[in-house]
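Commentary on secondary and tertiary structure
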Amino acid sequence: MSERPVLLPYGDPAFVADPFPLYRQLREDGPVRRVVIAGGLDAWLVTRYEDGLEALSDSRLSSDARDASDLRLLRQLPHSEREAMLSTMLRSDPPDHTRLRRLVSKAFTARRVAGMRPRIQSLTDGLLDAMLPSGRADLIADFALPLPVTVISELLGVPVDDRHDFQRWTDRMIMRGSEPPDPAVVNEAWQHMRAYVSELIRAKRTHPGDDLLSGLIAARDEEQQLTEDELIAMVFLLLAAGYITTVNLIGGGIAALLAHPAQLDLLRSDPELLPGAIEELLRYDGPVSPGIARFAREDVEIAGVAVPRGATVLIASAIADRDPARFPDPDRLDITRQDNAHLAFGHGIHYCLGAPLARLEGQIAIGTALRRLPGLALAVPRDEIRWRPGGLRGPESLPVTFTPSG
């Protein structure tokens, strides 16, 4: 294994559009590779499936960024946002993580998610109805973006008139690309977000509704409740995790199918393949790339490689999910693939709580779009699609044409 870190060139449009040749080379070069990511931060990249699976369950690898020896990216964030980020389930370890997840699970139930199916279908049909007469659309701006924004906002109980503000503030905090965030822009957005959510929490306490935020406020575990700061952090996490990643799943999934017309035709001809197709799209080109960050609490050996205490470890799900030792012919999109235990939603105690909702939205959105948009095709050459740089992977726009209808 080379001692020289490999740069992940997120400023290079060619890499952003197709990172998989470099990912493949990194995996072939070794199970753990030193890389340089955004802001010049060194990280140790875990490239193979079985090693990634073990690393995601290794208690010596912390989710709390305060265990990192290099805090430069964390220090670039305003203090209030930094503390809020570290108060979420995503960035906490047991026992705090156990308490937070238990409380949130009391409100974010499978029954609540399943009950959203009719509303998600109605929203999907409404967005497609608006697109159908023209025969042209940007499937991100017109479809893949507004659907998850509306779903997560309604789930949380955000008033409809406030959703564009909510979306704008969230974008400024999480869509940072390959460059370090601008602290002034992030801080301004965070202050708006915090003030808004604090007022919304006060309103829900006085007049609770049948929404997730009211449920989070009411959730108790014996004598424990979420604090005000934890509630604010949880709303931000649910927005960030439940919004842009689902945009990427829908937009990236449709882009992948358009690039593989035989698979698209197969799915159109047999809609019962849809649940498995969503899993394959998550494996083939998932919404997070290269993967999931952890921080070494102590000197640790991963796949025979010594990783020092405080190192940032990236469990590269996007690379591991194309590991030929785990997935036969891994660079081929195959919506009939059966054994498909991908790592796109993580593994272990931090497995994505919102995975059932993401799957539901992906199935409804992609399935309905393929059914209702005959002749669906890219309106630009594939190499002209703009992809979002950084760790949240998906098309920034997806111009398409289809057979118009009244």
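Note that this is a predicted model, so its numbers are computed, not measured. (Residues numbered from 1 in each chain as written. Predicted model: local features only at pLDDT ≥ 70, side-chain atom pairs only at ≥ 80, totals over all residues. Heavy atoms only, no water.)

1. What about the side chain of Glu 279?
Counted only if it meets this: Under the scheme used here, helices are H or I runs from DSSP no shorter than 4 residues and strands are E runs no shorter than 2 residues, and both carry numbers assigned from the N terminus. Classification of residues uses two cut-offs on accessible area relative to the type maximum, computed with a 1.4 Å probe and protein chains only: under 20% is buried, over 50% is exposed, and between them is partly exposed. By definition, residues are in contact when any of their heavy atoms lie within 4.5 Å.
Following the sequence through the fold, Glu 279 ends up in helix H16 (residues 274–285). Note on Glu 279: relative accessible area 16%, which makes it buried. Aside from chain neighbours lying at most four places away, what touches Glu 279 is Asn 340, His 342 and Arg 359.

2. So, the pattern of salt bridges
What counts, and what does not: Just to be clear on terms, a salt bridge is a Lys or Arg side-chain nitrogen sitting within 4 Å of an Asp or Glu carboxyl oxygen.
What the rule picks out here adds up to 24 salt bridges. The salt bridge partner of Arg 24 is Asp 331, with a shortest N-O separation of 3.3 Å. Of this pair, Arg 24 sits in helix H2 (residues 20–29) while Asp 331 is found in the loop between helix H17 (317–320) and helix H18 (355–372), placing the two residues 307 residues apart along the sequence. Accessibility expressed as a relative area gives 31% for Asp 331, which makes it partly exposed. With a closest N to O distance of 3.2 Å, Asp 331 and Arg 322 form a salt bridge. When its relative accessible area of 6% is taken as the criterion, Arg 322 is described as buried.

3. Regarding the sheet that holds strand S5 (residues 136–138)
Strands pair in a sheet through their backbones, by hydrogen bonds, and they do so in one of two ways: parallel or antiparallel. What counts here: Strand pairing follows a simple DSSP-based rule, namely that at least 2 bridges must link the two strands.
Read across the open sheet, the three strands follow the order S5-S11-S10; overall the sheet is antiparallel. Looking at which strands have only one partner, the edges of the open sheet turn out to be S5 and strand S10 (377–378). For S10 and strand S11 (residues 399–401), the ladder comprises two bridges, and the chain directions are antiparallel. Opposite Leu 378, over in S11, you have Val 400 as the bridge partner.

4. What to know about helix H3 (residues 49–56)
Put simply, the test is: The reported arc concerns the directions from the helix axis to the C-beta atoms and nothing else.
Every buried residue of H3 is accounted for by Tyr 49, Asp 51, Gly 52, Ala 55 and Leu 56. Axial view of H3: buried residues confined to an arc of 160°, hence all on one face. Check the buried side of H3 and you find it contacts strand S3 (41–46), strand S4 (61–62), strand S6 (292–296), strand S9 (312–315) and H17.

Purely geometric stuff here, so don't read any function into it on its own.
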